[in-house]
There are 2 protein chains.
Amino acid sequence: MSLLVQKYGGTSLATPERVGHVARRVVASADAGAQVCVVVSAMGAATDDLLSLAGGVSAAPPAADLDVLLATGEQASSALLSMAIRDLGRAAVPLTGAQAGIVTDARHGRARIAEVRPGQVRAALEAGAVAVVAGFQGVCAGGRLTTLGRGGSDTTAVALAAALGADRCEIYTDVEGVLSADPRVVPDARLLPAVAYEEMLELSASGARVLVGRSVEYARRHGVRLAVRSSFEDVPGTEVTAASEVLERPAISGIAHDTSEARVTVAGIPARPHAVAGLLRSVAEEAIDVDMIVQGAPVDGATDISFTVPEHDLLRAEAAVAPAAAAAGCRGVETDRGVGKVSVVGVGMSGHSGVAMRVFETLSEEGIDVELVSTSSIRISCLVRVGAVACAVRALHRAFGLG
Amino acid sequence: MSLLVQKYGGTSLATPERVGHVARRVVASADAGAQVCVVVSAMGAATDDLLSLAGGVSAAPPAADLDVLLATGEQASSALLSMAIRDLGRAAVPLTGAQAGIVTDARHGRARIAEVRPGQVRAALEAGAVAVVAGFQGVCAGGRLTTLGRGGSDTTAVALAAALGADRCEIYTDVEGVLSADPRVVPDARLLPAVAYEEMLELSASGARVLVGRSVEYARRHGVRLAVRSSFEDVPGTEVTAASEVLERPAISGIAHDTSEARVTVAGIPARPHAVAGLLRSVAEEAIDVDMIVQGAPVDGATDISFTVPEHDLLRAEAAVAPAAAAAGCRGVETDRGVGKVSVVGVGMSGHSGVAMRVFETLSEEGIDVELVSTSSIRISCLVRVGAVACAVRALHRAFGLG
């Protein structure tokens, strides 16, 4: 008998009708002979409602208390979906994250899974019931409730799939699967039937919103077969799996873009040991994620460095780096919110020369200046003016024959 | 250092402002040097909102799933109150019923507490924090969440007070304490500074809404000193304690009334062994609570029996008793929704003769017919026309000098 883990997001559970629809999908999988463990997010706006309640009580709610409050959202979803499944004549057992054995560290609001002890899930499945687990939450060794942060329910699903030895982990969402580009920018974007873990990681890091990198990385490390599917339409979606299983690959899988970052440039850094490292450390100490980092070749004994940070962290990043730059005798610090990142991703890229050349050719033909470039073995990212992002995505999608 | 358990109901926590007000009361107790364990109900209408969500998903939500859903209400309250307490500079630890060690049987929706293992509560208190426990909920031996049914948060508070060896268990509510009668009926009803457990039990069973009998019985059995106080005004309220500690008692403590019951009468029951028992069994098998039971003396080899049941169970009770009555050869079954019960309660009653006489005299002077009477050693209850209830309560309140 196969064992499936299915995860349904908040949009898929936003109304009682949609809960009923999800219940029918779950029961169809069970009727087809699978053991099914479902992981659920909070209903539609439930989390926002809880946050606004917290805001009414405290100006700065402590993370530990917020975790206890937010965890009720997924718990309510698990109870409601369980009811709907039972209404269809199938046994179901709602479980909190703690009951499902999701043990985390104690970093409230962004806990990491330390261990999974799925005894209660297994018992429910072996009794012939559907296990309905509240996603996004766990319990730390001290016995306090925790939440896993952004994309937490996806991570719960993947972690349970790994611990249960599930045959597949299906992530149901409000899009059809992983597309070759954002369909709001590229109308003829194509559904990708399969992508490698590494591609999915690069796509997530480059702005694709469909899965957070963390859950993909967990799946890759534990060899969990992932599928991204629509909860509204019955179509196959995208398989996320090892590169070796993705046959007949084109060089490029997809084009991602991200307009949520901003650029910081420190100019005229004296060529002293650790000068650049010290500047980056000043930002890292503020726990700000730095994405692209490009250092120019030294000119007249000085160099420039540019990096991108989330736009909402730009002021904090500037405040951190400016004193460090002044102390190091740099010429100045400059920031720029008007940038966007366009990324070309594909595991086939490493075997095909000339991909970078074609990227530059294509952008140049469109008259788009590339301000920064960073690459990995399966990705090329270019920072361009934010106004040129959509044009760049469309041109690259066409140039690589993805339509 | 004294140890207090304080319970706050849903009305006391209905808005963020009220949560802040409760937090100030809790912190005041802690600042006065007590260890404080708080037990909370769901905010105002939260439970009704959750029930209506469940109704949207399932026509008959299974009790086990409903428990998981409803438990989120108290959990949210505990998180919010914890935030508000921390905002005032006091450490606080929110705990679910399961975390607080409330272990119950598996009767979902009306579970009974089997054991209390308050290790996490004690750890929080010993670390100098306020423990904020979600009331009304527990976990059964199988690891499933349960809820305790009506008045469940009061029972959680009393059970924790017993397990922790608390000095007092304070039930904060939207009234000043226990009154000598319902103030909506008797404008000069008086706050009772102290009542015995037994009186409180009789008052609760007779229609006083301030505490459910179950939590009072738990307190009596474990010797927990209870206090009922207003969460809005800073007044002493009512102590509920052993009869021996209630000094200088008048004969009567209070007058309670209840208009939520209906009467069933079975007439002409043949005088055969077990005939009456069989009729009552037919009702008991439907799990309907029977309150007053009065059997008339046999006349011509037949007898009558009358009993009261909750009005919302009347149709079910009639459906259960009618076939049994027909099979036993009774003359007929008659029901009456137009009744109300008036009860005179006081531990001093047993030492004072003439209380019953004064009850009948008083009602008779008002021209009120008594249809049924039932008594315990500290209570006399009379069933009268529902329209006469208010008049009866006022007359008895006056006659026993309670104003």
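Before reading further, recall that the structure is shown in the block above.
The text that follows walks through the structure, step by step, so that each part is easy to find. (Residues numbered from 1 in each chain as written. Chains lettered and ligands numbered in written order. Predicted model: local features only at pLDDT ≥ 70, side-chain atom pairs only at ≥ 80, totals over all residues. Heavy atoms only, no water.)

Thoughts on the environment of Gly10 of chain B
Residues and elements named next belong to chain B. Positionally, Gly10 belongs in the loop between strand 1 (3–8) and helix 1 (16–31). Look at Gly10 and you get buried, because its relative accessible area is 17%. In this structure, the C-alpha to C-alpha distance between Gly10 and Met43, residues 33 residues apart in sequence, is 4.6 Å. With residues near it in sequence (within four places) discarded, Gly10 still touches Ser41, Ala42, Met43 and Gly44. (Helix = DSSP H or I, 4+ residues; strand = E, 2+ residues; numbered from the N terminus. Buried < 20%, exposed > 50% of the residue type's maximum accessible area, 1.4 Å probe, protein only. Contact = heavy atoms within 4.5 Å.)

Thoughts on the sheet that holds strand 4 (residues 102–104) of chain A
What links the strands of a sheet is backbone hydrogen bonding, and the strands pair in either a parallel or an antiparallel sense. All names here are of chain A. A sheet is described by the order of its strands in space; here four strands give the open sequence 5-4-7-8, paired in mixed fashion. A single partner strand is all that each edge strand has here, and the edge strands are strand 5 (113–116) and strand 8 (145–147). Each strand of the sheet is rotated relative to its neighbour by a mean of 45°, with strand direction disregarded. Alignment of strand 4 against strand 7 (residues 137–140), held across two bridges, turns out to be parallel. Considered in strand 7, the bridge of Val103 is made with Val139. In this fold helix 3 (residues 63–87) packs onto strand 7 and strand 8, with an angle of close to 75° to the strand it touches most, strand 8. (Pairing = 2+ DSSP bridges. Axes fitted to C-alpha atoms, helices over the stretch in contact; angles between N-to-C directions.)

Observations regarding the interface of chain A and chain B
In this assembly, 39 residues from chain A lie in contact with 38 residues from chain B. Interface area, chain A with chain B, both sides summed: about 3,000 Å², of which 66% is carbon and sulfur. For Asp65 of chain B, the salt bridge identified is with Arg86 of chain A, shortest N-O distance 3.0 Å. Applying the counting rule to chain A against chain B returns twelve residue pairs in polar contact (both at pLDDT 80 or more). Elements with a minimum of two residues in the side of chain A that touches chain B: helix 1 (16–31), helix 2 (46–57), helix 3 and strand 3 (92–95) of chain A. When residues of the side of chain A that touches chain B are assigned to their parent elements, the largest contribution, 17 residues, is made by helix 3 of chain A. Grouping the constituent residues of the side of chain A that touches chain B by class yields 24 nonpolar, eleven polar and four charged. (Buried area = accessible area lost by both parts, 1.4 Å probe. Salt bridge = Lys/Arg side-chain N within 4 Å of Asp/Glu carboxyl O. Polar contact = N/O pair within 3.5 Å; in protein donor to acceptor, adjacent residues only side chain to side chain. Nonpolar A, V, L, I, M, F, W, Y, C, P; charged D, E, K, R; others polar.)

So, the relation of the copies chain A and chain B
The transform that puts chain A on chain B rotates by 179° and translates by 0.1 Å along the axis, for an RMSD of 0.2 Å. What the superposition gives is, in effect, a two-fold axis relating one chain to the other. Measuring from the rotation axis to each C-alpha of chain A, the shortest distance belongs to Thr72 of chain A, at 2.4 Å. The share of interface residues of chain A whose copies in chain B are also at the interface is 97%, consistent with both copies meeting through the same surface. (Least-squares fit on C-alpha atoms with pLDDT ≥ 70 in both.)

A word on helix 11 (residues 389–399) of chain B
Every buried residue of helix 11 of chain B is listed here: Val389, Ala392, Val393, Ala395, Leu396 and His397 of chain B. Positive backbone phi, approximately 60°, marks Gly401 of chain B, located one or two places after helix 11 of chain B.

Overview of the packing of helix 4 (residues 119–126) of chain A against helix 5 (residues 152–164) of chain A
Residue and element names in this part refer to chain A. Closest axis-to-axis distance for the helix 4/helix 5 pair is 11 Å, and the angle between their directions is 70°. As the angle between them shows, helix 4 and helix 5 are arranged roughly perpendicular. Contacts between helix 4 and helix 5 involve Val121, Arg122 and Leu125 from the former and Leu160, Ala163 and Leu164 from the latter. Looking at the contact of helix 4 with helix 5, its residues break down into five nonpolar, no polar and one charged. (Parallel < 35°, antiparallel > 145°, perpendicular 65-115°, else oblique.)

Some points on the packing of aromatic side chains
Residue and element names in this part refer to chain A. The tally for this structure, following the rule as stated, stands at two aromatic pairs over all chains. When the ring of Tyr8 is compared with that of Tyr172, the centres are 4.6 Å apart and the planes differ by 10°; the resulting orientation is stacked. Taken as a pair, Tyr8 in strand 1 (residues 3–8) and Tyr172 in strand 9 (residues 168–173) lie far apart in primary sequence, 164 residues in all. The buried category is assigned to Tyr8, whose relative accessible area is 0%. The cationic tip of Arg221 hangs over the ring face of Tyr218; the distance from NZ or CZ to the ring centre is 5.5 Å. (Phe/Tyr/Trp six-rings, centres within 6.5 Å; stacked < 30°, edge-to-face > 60°. Lys NZ or Arg CZ within 6 Å of the ring centre and 35° of its normal.)

Some words on the side chain of Gln75 of chain B
The residue Gln75 of chain B is located in helix 3 (residues 63–87) in this model. Here Gln75 of chain B is in contact with Val68, Ala71, Thr72, Gln75 and Leu145 of chain A together with Thr96, Ala134 and Gln137 of chain B, once residues within four sequence places are set aside.

Considerations on the sheet that holds strand 12 (residues 238–241) of chain B
Residues and elements named next belong to chain B. The eight strands lie next to each other as 3-6-2-1-9-11-12-10, forming an open sheet whose pairing is mixed. Edge positions in the open sheet fall to strand 3 (92–95) and strand 10 (194–196), since each of these has one partner strand only. Averaged over all neighbouring strand pairs, the angle between strand axes comes to 20°, with direction disregarded. Relative to strand 10, helix 6 (residues 197–205) is tilted by about 85°, and along the sheet it contacts strand 10 and strand 12.

By themselves these figures say nothing about function.
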